[in-house]
Protein chains: 2
Amino acid sequence: MIASIPTKDRILDAAEKLFGTDGFEATSLRDITTAAQVNLAAVNYHFQSKDSLIEAVIARRIEPVNRKRLERLDAIGENPTVEQILTAYLSPLFELDFEAVLPLMGRVHSNPEQFVDRVYRRHLSAVVERFRTVLRRALPDLPDDEMWWRLHFSIGAITHVLCWGRILPAVTDGLCDISDRGALIRRAVQFLAGGFRAAATVHGNT
Amino acid sequence: MIASIPTKDRILDAAEKLFGTDGFEATSLRDITTAAQVNLAAVNYHFQSKDSLIEAVIARRIEPVNRKRLERLDAIGENPTVEQILTAYLSPLFELDFEAVLPLMGRVHSNPEQFVDRVYRRHLSAVVERFRTVLRRALPDLPDDEMWWRLHFSIGAITHVLCWGRILPAVTDGLCDISDRGALIRRAVQFLAGGFRAAATVHGNT
DNA sequence: GTCTATAACGGGATAGAC
DNA sequence: GTCTATCCCGTTATAGAC
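What this report covers is the structure whose coordinates are included nearby. (Residues numbered from 1 in each chain as written. Chains lettered and ligands numbered in written order. Predicted model: local features only at pLDDT ≥ 70, side-chain atom pairs only at ≥ 80, totals over all residues. Heavy atoms only, no water.)

Points about the overall build of chain A
Logical step 1: Tallying secondary structure elements over chain A gives 10 helices and 0 strands in all.
Logical step 2: When the elements of chain A are put in sequence order from the N terminus, they spell out α-α-α-α-α-α-α-α-α-α.
Logical step 3: Once the C-alpha set of chain A is aligned to its principal axes, its extents read approximately 60 × 40 × 40 Å.
Logical step 4: Among the 206 residues that make up chain A, the fraction classed as buried is 56%.
Logical step 5: For chain A, the computed accessible surface area is about 8800 Å², with 52% contributed by carbon and sulfur atoms.
Logical step 6: In chain A, 25 positive and 26 negative side-chain charges are present, and the distance between their average locations comes to 3 Å. (Helix = DSSP H or I, 4+ residues; strand = E, 2+ residues; numbered from the N terminus. Buried < 20%, exposed > 50% of the residue type's maximum accessible area, 1.4 Å probe, protein only. Areas by Shrake-Rupley, 256 points an atom, 1.4 Å probe, with all protein chains shown as cover. Lys, Arg positive; Asp, Glu negative; His and termini not counted. Charge placed at Lys NZ, Arg CZ, Asp CG, Glu CD.)

Digging into the interface of chain B and chain A
Logical step 1: If you look at the interface, chain B gives 57 residues, while chain A gives 57 residues.
Logical step 2: Both sides of the chain B and chain A interface together cover about 5400 Å² of buried area, and 63% of this is carbon and sulfur.
Logical step 3: Sorting the residues of chain B by area buried against chain A places W149(B), R187(B) and F191(B) first, and these three jointly supply 16% of that buried surface.
Logical step 4: Counting every contact that joins chain B to chain A gives 8 salt bridges.
Logical step 5: E113(A) serves as the salt-bridge partner of R166(B), at 2.1 Å between the closest nitrogen and oxygen.
Logical step 6: Counting across the chain B and chain A interface gives 13 residue pairs in polar contact (both at pLDDT 80 or more).
Logical step 7: At the level of elements, helix 6 (101-109), helix 7 (112-138), helix 8 (144-164), helix 9 (168-171) and helix 10 (181-197) of chain B are the ones that each hand at least two residues to the side of chain B that touches chain A.
Logical step 8: No other element matches the 17 residues that helix 8 of chain B contributes to the side of chain B that touches chain A. (Contact = heavy atoms within 4.5 Å. Buried area = accessible area lost by both parts, 1.4 Å probe. Salt bridge = Lys/Arg side-chain N within 4 Å of Asp/Glu carboxyl O. Polar contact = N/O pair within 3.5 Å; in protein donor to acceptor, adjacent residues only side chain to side chain.)

A short note on the relation of the copies chain B and chain A
Logical step 1: With an RMSD of 0.0 Å, the fit of chain B onto chain A corresponds to turning through 180 degrees and sliding 0.0 Å along the axis. Expressed as an axis order, the relation between the two copies is that of a two-fold axis.
Logical step 2: Both copies share a contact surface, since 100% of the interface residues of chain B are interface residues in chain A too. (Least-squares fit on C-alpha atoms with pLDDT ≥ 70 in both.)

Digging into the protein's contact with DNA strand D
Logical step 1: Looking at DNA strand D, there are 15 residues lining it, with L29(A), R30(A), K50(A), N39(B) and H46(B) nearest.
Logical step 2: A share of 51% of the atoms of DNA strand D within 4 Å of the protein falls on sugar and phosphate groups.
Logical step 3: Contact distances for DNA strand D include 2.9 Å between a phosphate oxygen and a backbone N or O atom of L29(A).
Logical step 4: Sorting the residues of the surface near DNA strand D by element identifies helix 2 (29-36) and helix 3 (41-46) of chain A together with helix 3 (41-46) of chain B as the ones contributing at least two each. (Near = heavy atom within 4 Å.)

Regarding the packing of helix 6 of chain B against helix 8 of chain B
All names here are of chain B.
Logical step 1: Running from N to C, helix 6 and helix 8 cross one another at 135 degrees; their axes reach a closest spacing of 7 Å. The orientation of helix 6 with respect to helix 8, classified from their angle, is oblique. Regarding helix 6 and helix 8, the two cross each other, and that crossing is left-handed. Contacts between helix 6 and helix 8 involve L102, P103, M105, G106, R107 and H109 from the former and I155, T159, L162 and C163 from the latter.
Logical step 2: Residues of the contact of helix 6 with helix 8, tallied by class, amount to 6 nonpolar, 3 polar and 1 charged. (Axes fitted to C-alpha atoms, helices over the stretch in contact; angles between N-to-C directions. Parallel < 35°, antiparallel > 145°, perpendicular 65-115°, else oblique. Left-handed = near helix turned anticlockwise from the far one by under 90°. Nonpolar A, V, L, I, M, F, W, Y, C, P; charged D, E, K, R; others polar.)

As for the protein's contact with DNA strand C
Logical step 1: Neighbouring DNA strand C are 15 residues, the closest being N39(A), H46(A), L29(B), R30(B) and K50(B).
Logical step 2: Taking N39(A), its side chain carries an N or O atom lying 3.0 Å from a phosphate oxygen of DNA strand C.
Logical step 3: Looking at the surface near DNA strand C, the elements that each hand over two or more residues are helix 3 of chain A together with helix 2 (29-36) and helix 3 of chain B.
Logical step 4: Among the elements that line the surface near DNA strand C, the one with the most residues is helix 3 of chain A, at 3 residues.
Logical step 5: Residues of the surface near DNA strand C, tallied by class, amount to 6 nonpolar, 7 polar and 2 charged.

Here we look at unusual backbone geometry
All names here are of chain A.
Logical step 1: Notably, Q37 is not glycine yet its phi reads approximately 55 degrees, a positive angle.
Logical step 2: Here Q37 is to be found in the loop between helix 2 and helix 3.
Logical step 3: With phi around 50 degrees, D173 is a residue other than glycine that occupies positive phi space.
Logical step 4: Tracing the sequence through the fold places D173 in the loop between helix 9 (168-171) and helix 10 (181-197).
Logical step 5: Exposure remark for D173: the relative accessible area of 74% places this residue in the exposed category.

As for a negative patch on the surface
Logical step 1: A surface patch of negative charge is lined by D22(A), E25(A), D31(A), D22(B), E25(B) and D31(B).
Logical step 2: For E25(B), the position within the fold is in the loop between helix 1 (7-22) and helix 2. (Patch = residues over 30% accessible without salt bridge, like charges linked within 9 Å, V, L, I, M, F, W, Y side chains within 5 Å.)

Regarding the pattern of salt bridges
For side chains of opposite charge, pairing can occur when their charged atoms come near one another.
Logical step 1: All chains considered together, the criterion is met by 34 salt bridges over all chains.
Logical step 2: Linking R72(B) and E95(B) is a salt bridge whose minimum nitrogen-to-oxygen distance equals 2.9 Å. Here R72(B), found in helix 4 (residues 50-75), pairs with E95(B), found in the loop between helix 5 (82-94) and helix 6; they are 23 residues apart in sequence, far enough to count as distant.
Logical step 3: The class of R72(B) is partly exposed, set by a relative accessible area of 27%.
Logical step 4: Owing to a relative accessible area of 45%, E95(B) belongs among the partly exposed residues under this scheme.
Logical step 5: One salt-bridge network, held together by shared partners, links D13(A), E16(A), R60(A) and R61(A).

And the structure:
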């Protein structure tokens, strides 16, 4: 052991970084214990299995984010604007680290088959439901189905930034800057609010 | 061999389905050859490795989509609306099968580290560049950096639908219907066009 | 709690008969 | 082109000493 950080936390730190960059299946316990500079068997001692480790890594990050989301939603009062609601949802996420933890969140959001039960149903669905209710008050003319679609479009837009964040500057000749988080949140909120406010036509089978 | 479909195509069909639902790492060659009802060694005969198989599976679907995208972009004339441009980009994608091929496309779009070279740079960047140029003419007041961000928000929104498509009805009590593709395309285009048209404020370091 | 050593297994890939 | 059999490696997980 090199630093004074407990073994369990060293494993969590290394795992979340590697899971984020390489994916859950592609990351072996050996990769994790090597990066964390702990013994291989420590993973199965502190966590019971790789699967439990994955759950622990995710829960450690999602729970504080969701707590802040609900706090900020409560803080903006009874009749917030769409922009305020979206900011309450997004800002706790984008305060996290783009190198280590945001890629992990991206993985979680883009693997429904793997995580819909252990993440969406357990950690996310109640929060989404709260925000959906508030958004419905802010956009009373939007039909329920359209609201759901737009929520998913929005979550997808954000998920993509989580997944691609670190390499966005490279594929856009430096035009996409991820260092200014306040600006990034405002950009996202403006775009998504524009989408939520777009006219919703009735869709038939044409 | 049960049907008359050539072995090579049987492998591609089974692989794209399994890659889409389970992911690339989680799908073994044994899974694929069992589903395709072909011999294990056939994969290494027709393709050289699992990695080459992955590339072949992706290229088979992406290339026709991109050809149609450019055809439809050409077909809408010199000064198309934002809605027309977005429809030209999205419609060839959403004509594909939500059970087999769209989940695969979702995987590809949400794994930048794995696919930025073999997919984005090879198959996608030229097409995105064409659409970015046309969009810039349709939205002359939008700064270049904002354009890039909004393109990525849009691609993310769509990617999310590709990844989550099959289970969206389940998590929304049936409100999200993916069977009517025309309606889905129109919904997405309306949302994204609203986002692209949103006012873009200048972002400082506040 | 932490280590070494190893079990038990499944993975990709290939040799060689047909 | 297609098959069987097998090699060789990396994986998760655990047993047992310290």
